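Chain by chain, the residues run as shown.
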Amino acid sequence: MTAAEPEYSDVLIIGAGISGIGAAFRIHEKNPGLSYTVLERRARIGGTWDLFRYPGIRSDSDIFTLSFPYEPWTRPENVADGSDIRTYLTETARKYGIDEHIRFNTRVISADWDSGTDTWTVETEQNGGPKTYRGRFLFFGTGYYNYDEPYRPEFPGIENFTGEVVHPQFWPESFDYSGKRVVVIGSGATAVSIIPSLTEKAGHVTMLQRSPSYLLSVPRINPVVQAIRKMLPSTAAQSVVRLYNIVVTVLVYVVSRKAPKVTKGLLRAMATNRLPEGYPVDVHFKPRYNPWDQRMCLILDGDFYNVISEGRAEVVTDHIDHFDAEGIVLKSGERVDADVIITATGLQLQALGGVAISIDGVEVKPQDRFVYKEHMLEDIPNLAWCVGYINASWTLRADLTARAVAKLLAYMDSHGYTHAYPHLGDKPMPEKPAWNINAGYVQRAAHALPKSGTHRPWNVRHNYVLDAIDHRFDRIEESMVFGRAEAKEDAQSA
Ligand SMILES: Cc1cc2nc3c(=O)[nH]c(=O)nc-3n(C[C@H](O)[C@H](O)[C@H](O)COP(=O)(O)OP(=O)(O)OC[C@H]3O[C@@H](n4cnc5c(N)ncnc54)[C@H](O)[C@@H]3O)c2cc1C
């Protein structure tokens, strides 16, 4: 292989986060004869759990369903810290030899499908220089948001603020906010997980929100899980604990959707029980929408309410008028002074890690294509994008996707097929939003996402139970086109 020749692997996996690691495991498990390479733009394993380093970064769903079914989570917590999740992913990759297949500091820029050879040519920037890879199948484990640009709303006058402004996506290492007045703008999962930790060192912390979110308090260490682990041998305990958490997750979601009034009442009671007598719960913790119209935020053992009760943090519900040198002036005329402002204002959705996709040199826009079985794209051969659930742990969907792709590769291999793509043809397919929550980051970028149809296998439905049943009885040929490369020349040397 001369220097210029692209490095070939049967499967190219982009991203060494939960999805990429999971795909490598399942693809190798079912197709040990296939070669694979993982292309990762960062220098470490972990994706989200490597990028986000703000104080208090933790999972916002239970770790027993966020971890892999084949690699038990052995620590006691039910909700895990970011650093422990990163360690878990790194150790899992090492245990199964996946780390040897990872090319770090390798950012994928573009991927072009060559229908002559049925291969993808992938252009990357590796350690600052160009490097080309070739592969038969492309698995995108690139996550769902832009790694370079978080969402930064326009804040009038922010340039006048003399203090420090920090975005949680780029938390400066050893950033010192000890004794300082810290204002966190936002009320989502990041805000409610960072604030209790900030109060440990900051002088005072204020959460400034335009509108409240629903907070569900859960135990960091779940007594039911501990009891199951005491009663059963570890492997059985692992499956039962996982099932228990799946049932709880599904139940909370279904009850929230079917009985919003009851759910609102329960969540309000959780707040009033933890907050001081007479605290204005309906001002700061009464959203205008129904539970799970937007992602419900987890708090641990009431930690967020506790720091308010202890006077170490407070919530201000108002709109920002402008910034000045000392802090923030609100529409109500009130002001919040600060030394540090943390803009927990969210992510920017991005499809396929921002990689430019083309077929025989013709650009393909993901947003013009329907999603097939929640992981392939209409008329795009040998490509899968792994996207998790918004109302349950990401890995539940990611593992189904990894297993479906592993099965497809085995099927193609056993039939000598070199390409496979889902085809809708001219059948009319009404569209519906792919992500059925009206969260800011979804509304701002819904156009960037591939399309969801209204019925299977072209609908995106965020329902693990139905997806697991579908996966069990999956018909691999359904709406799929299979074939062999025109050019008989060997893909490796093409
Ligand atoms: C703060 C935060 C908290 C979260 N908490 C939870 C939670 O509790 N539960 C839950 O289920 N989900 C949660 N999520 C969603 C989270 O993204 C998923 O849990 C999961 O980590 C996604 O895994 P992934 O591997 O698909 O994507 P990511 O973790 O985003 O990893 C993608 C990887 O691809 C790499 N990559 C991207 N583009 C390219 C490119 N062009 N070239 C090369 N490499 C590339 C990235 O560097 C990264 O390593 C959270 C997300 C955030 C931001």
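Starting afresh in each chain, residues are numbered from 1 along the sequence in its written order. In keeping with the predicted nature of the model, local features appear solely for residues at pLDDT of at least 70, side-chain atom pairs appear and are counted solely at 80 or more, and the whole-chain, interface and lining totals rest on all residues. The side-chain quantities take in all heavy atoms of the structure and omit both hydrogens and water.

1. Digging into unusual backbone geometry
This is how the line gets drawn: Helix and strand assignments follow DSSP, with helices taken as H or I runs no shorter than four residues and strands as E runs no shorter than two, numbered in order from the N terminus. Throughout, exposure labels follow a simple rule: accessible area from a 1.4 Å probe, protein chains only, divided by the maximum for the residue type, with under 20% read as buried, over 50% as exposed, and the rest as partly exposed.
Cis geometry is found at the peptide bond from Arg456 to Pro457, where omega equals 5 degrees. Position of Pro457 relative to the elements: it lies in the loop between β24 (452-453) and α13 (464-472). The residue Asp379 is not glycine, and still its phi comes out positive at about 60 degrees. We classify Asp379 as partly exposed; its relative accessible area is 25%.

2. Quick look at the pattern of salt bridges
Charged atoms that come close allow side chains of opposite charge to pair. The condition is simple: For this analysis, a salt bridge means a side-chain nitrogen from Lys or Arg found within 4 Å of a carboxyl oxygen belonging to Asp or Glu.
In total, this model carries 37 salt bridges according to the counting rule given. A salt bridge links Lys131 to Glu7; the nearest nitrogen and oxygen atoms lie 3.3 Å apart. Taken together, the residues span a long stretch of sequence, with Lys131 in strand β6 (residues 129-140) and Glu7 in strand β1 (residues 7-14) at a distance of 124 residues. Residue classification places Lys131 among the partly exposed residues on the basis of a relative accessible area of 24%. Overall, Glu7 belongs to the buried group, its relative accessible area being 17%. Across the pair Arg26 and Glu29 runs a salt bridge whose closest N-O atoms are separated by 3.1 Å. With Arg26 and Glu29 both in helix α1 (residues 18-30) and 3 residues apart, the pair spans about one turn of that helix. Accessibility expressed as a relative area gives 11% for Arg26, which makes it buried.

3. Structural notes on the pairing of β6
Heads up, the condition is: Each pair of strands is called paired provided DSSP finds at least two bridges between the two strands.
Pairing of β1 with β6, which is carried by 7 bridges, proceeds in the parallel orientation. Looking at β6, one finds that Ser9 is bridged to Gly135. The pairing of strand β5 (residues 119-126) with β6 spans 7 bridges and is classified as antiparallel. Counted as the bridge partner of Trp120 is Gly135 from β6. Between the antiparallel neighbours β5 and β6 lie 2 residues, among them Asn127 with a positive phi of about 50 degrees. One ladder, built from 3 bridges, connects β6 with strand β21 (residues 383-385); its direction is parallel. Bridge pairing links Phe140 to Trp385 in β21.

4. Thoughts on the site of the ligand
Spelled out, the test is: Whether a residue is near a molecule or strand depends on its heavy atoms: it is near if one of them lies within 4 Å of it. Identification of polar contacts relies on pairs of N or O atoms within 3.5 Å, with a donor-acceptor requirement for protein atoms, meaning one able to donate a hydrogen and the other able to accept it, and with residues adjacent in sequence counted only if both atoms are side-chain atoms. We get accessible surface area from the Shrake-Rupley algorithm with a probe of 1.4 Å; when it comes to residues, only the shown protein chains can shield them. Three classes are used, and their members are as follows: Ala, Val, Leu, Ile, Met, Phe, Trp, Tyr, Cys and Pro are nonpolar, Asp, Glu, Lys and Arg are charged, and the others, Gly among them, are polar.
In the neighbourhood of the ligand, 34 residues make up the surrounding shell, with Ser19, Glu40, Asp60, Tyr147 and Trp394 lying closest. At 2.8 Å from an oxygen atom of the ligand is found a main-chain nitrogen or oxygen belonging to Thr48. A distance of 3.4 Å separates an oxygen atom of the ligand from a polar atom in the backbone of Gly141. Here the ligand loses 96% of its free accessible area of 970 Å² to cover by the protein chains. If you list the elements that add at least two residues to the shell around the ligand, you get α1, α2 (48-51) and β4 (106-114). Per-element tally for the shell around the ligand: the top contributor is β4, with 3 residues. Tallied by class, the residues present in the shell around the ligand amount to 15 nonpolar, 13 polar and 6 charged.

5. Quick notes on the side chain of Ser61
In plain terms, the rule: Throughout, a residue-residue contact means that at least one pair of heavy atoms, one from each residue, lies within 4.5 Å.
Relative to the elements of secondary structure, Ser61 occurs in the loop between α2 and α3 (63-66). Take Ser61: its relative accessible area is 13%, and that puts it in the buried class. Not counting residues within four places of it along the chain, the set of residues in contact with Ser61 comprises Leu66, Asn78, Val79, Leu298 and Ser393.

6. Quick word on the sheet that holds strand β16 (residues 340-343)
Our working rule: Each axis is a line fitted through C-alpha atoms, and for a helix only the stretch in contact is used; angles between axes span 0 to 180 degrees, taken between their N-to-C directions.
Sheet architecture is open: 5 strands sit in the order β7-β16-β8-β9-β12, paired in parallel fashion. The sheet is open, and its two edges are formed by β7 (164-166) and β12 (313-317), each paired on a single side. The sheet shows a mean angle of 20 degrees between the axes of neighbouring strands, taken without regard to direction. When strand β9 (residues 204-209) meets β12, the two strands line up parallel, connected through 5 bridges. Looking at β12, one finds that Thr206 is bridged to Glu314.

7. Concerning the environment of Ala202
Relative to the helices and strands, Ala202 resides in the loop between α5 (189-198) and β9. Put simply, Ala202 and Val364 are 162 residues apart on the chain and 48 Å apart in space, counted from C-alpha to C-alpha. Not counting chain neighbours up to four residues away, the residues in contact with Ala202 comprise Tyr177, Gly179, Lys180 and Val182.

8. Structural notes on the side chain of Thr124
Structurally, Thr124 can be placed in strand β5. A distance of 2.8 Å separates a polar side-chain atom of Thr124 from the backbone oxygen of Lys131.

9. Quick look at the pairing of β9
Defined as follows: A crossover counts as right-handed when, viewed with the strands pointing away from the observer, the path leading from the first strand over the helix to the second turns clockwise.
Within β9, 5 of the 6 residues are buried, leaving the element largely enclosed by the surrounding structure. Once you follow strand β8 (residues 181-185) into α5 and on to β9, the crossover reads as right-handed.

10. Remarks on the domain arrangement of the chain
Heads up, the rule is: In this entry, domain limits derive from an automatic or database-based domain assignment. Put simply, buried area is how much 1.4 Å-probe accessible surface two parts lose in total, over both of them, once they are put together.
Here the chain is described as being made up of domain 1 (7-147 + 349-493) and domain 2 (158-343). Computed over C-alpha atoms only, the centres of domain 1 and domain 2 are separated by 30 Å. Both faces considered, domain 1 and domain 2 share a buried interface measuring about 3200 Å² in area, 52% of it formed by carbon and sulfur atoms. The tally of links from domain 1 across to domain 2 stands at 2 salt bridges. Arg220 serves as the salt-bridge partner of Asp81, at 3.3 Å between the closest nitrogen and oxygen. Those elements that place two or more of their residues in the side of domain 1 that touches domain 2 are α3 and α13. Split into classes, the residues belonging to the side of domain 1 that touches domain 2 amount to 20 nonpolar, 10 polar and 7 charged.

11. Brief notes about the packing of helix α11 (residues 394-415) against α13
Filter applied, for reference: Here the word oblique covers every angle except those under 35 degrees (roughly parallel), over 145 (roughly antiparallel) and from 65 to 115 (roughly perpendicular). In this scheme the handedness of a crossing depends on how the near helix is turned from the far one: anticlockwise by less than a right angle means left-handed, clockwise means right-handed.
It is at 11 Å that the axes of α11 and α13 come closest, and there the two elements cross at 15 degrees. The angle between α11 and α13 places the two elements in the roughly parallel class. Seen along the crossing, α11 lies across α13 with a hand that is left-handed. Seen from α11, the contacting residues are Leu396, Arg397, Leu400, Arg403, Ala404 and Lys407; seen from α13, they are Tyr464, Asp467, Ala468 and His471. Residue classes in the contact of α11 with α13 are distributed as 5 nonpolar, 1 polar and 4 charged.

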